[in-house]
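Descriptive structure summary
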Amino acid sequence: MSLSPFLLLLLLLALVVSCCAHQQPGDDTTTFTKPDVNENSNPVGGLSNALTVVKTRVAVAREFLTAHNEIRSRFQVPPLKWDRKLARQARRWANLRAATDCDVHNHSGSGYGENQFWGFLDHWTPTKAVQNWASEYDFYDIKSNQCNPNQKCGHFTQIVWRTTERIGCARVECKCSKGGWFVVCEYDPPGNYISSGPLDGGN
């Protein structure tokens, strides 16, 4: 009994479908798996935030370093270099103080030279904080290595201390009730030795 062309075509199609249905992935088969993506996650946003933090820290570091070296150049002492270890120490201490009282009268006891500052308004940038420390020069007598009575000069002398080579600083917004910004810089080697002046090169 001969089959019509139409029935032959149907049988051929059935064989093809059956073959494809039982085919297993092999050398000639490429399978694609849909990535398991959490719809609530935003990996791009997280990366963007991380990059923003890095860029902000780099910009802040550059501003602190530039402000210090501009002042040091006026007194003909070598420029400082940024030190990440000192910056981490400064950031840890600043975060601790910012979470409690932002009190500049407490020092970290890090063993480094240390300048601290608190200012209420946002305009207290790294540059302005360093300039505030440097303004103590008005009360300091370079020749006698003496500060005027009832004045502070130690922040200024640490900035220009000749043998200091590295700094690391941080600026953190205060979370305590007083608000404002807490700024701290760490200096290595430290300065402010009683036996010599800032420009002498001694320690």
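Before any of the text, the structure's been laid out above.
This write-up is about the structure you can find in this document. Predicted, not measured: the structure shown is a model, and the values here were computed from it.

Counting residues in each nonpolar core, the largest one holds 21 residues, and the members touching the most others are Ile-71, Val-130, Trp-133 and Ile-159. Mapped onto this core, the elements with two or more residues apiece are helix 2 (43-74), helix 4 (126-134), helix 5 (154-159), strand 5 (166-173) and strand 6 (181-188). The next biggest cluster of nonpolar side chains, apart from the first, holds 11 residues, and it includes Ala-90, Trp-93, Val-172 and Cys-174.

What follows deals with the sheet that holds strand 5. Reading across from one edge, 1-5-6-2 is the order of the four strands in this open sheet, with mixed pairing throughout. Looking along the sheet, the strands with just one partner apiece sit at the ends: strand 1 (81-82) and strand 2 (113-119). On the sheet, helix 3 (residues 84-100) packs against strand 1, strand 2, strand 5 and strand 6 and is oriented at approximately 25° with respect to strand 5. Sitting on the sheet, helix 4 is in contact with strand 2, strand 5 and strand 6, with an inclination near 115° to strand 2.

Defined simply, a disulfide is a covalent bond joining two cysteines at their sulfur atoms. Here the structure, examined in full by the defined rule, presents three disulfides. Two residues share a disulfide in this structure: Cys-147 and Cys-153, whose sulfurs sit 1.9 Å from each other. Between Cys-147 and Cys-153, the S-S dihedral sits near 75°, and the bridge is therefore right-handed. We classify Cys-153 as buried; its relative accessible area is 6%. Linked covalently through their sulfurs, Cys-169 and Cys-185 form a disulfide whose S-S length is 2.1 Å. As the torsion about the S-S bond is roughly 110°, the Cys-169-Cys-185 disulfide counts as right-handed. Here the residue Cys-169 occupies a position in strand 5, and Cys-185 occupies one in strand 6, the gap between them amounting to 16 residues. If you count the bonded cysteines of the chain from the N-terminus, they pair up as 1-5, 2-3, 4-6.

What counts, and where the lines are drawn
- Residues numbered from 1 in each chain as written.
- Predicted model: local features only at pLDDT ≥ 70, side-chain atom pairs only at ≥ 80, totals over all residues.
- Heavy atoms only, no water.
- Core = buried A, V, L, I, M, F, W, Y, C linked by side-chain atoms within 4.5 Å.
- Buried < 20%, exposed > 50% of the residue type's maximum accessible area, 1.4 Å probe, protein only.
- Helix = DSSP H or I, 4+ residues; strand = E, 2+ residues; numbered from the N terminus.
- Pairing = 2+ DSSP bridges.
- Contact = heavy atoms within 4.5 Å.
- Axes fitted to C-alpha atoms, helices over the stretch in contact; angles between N-to-C directions.
- Disulfide = S-S within 2.5 Å.

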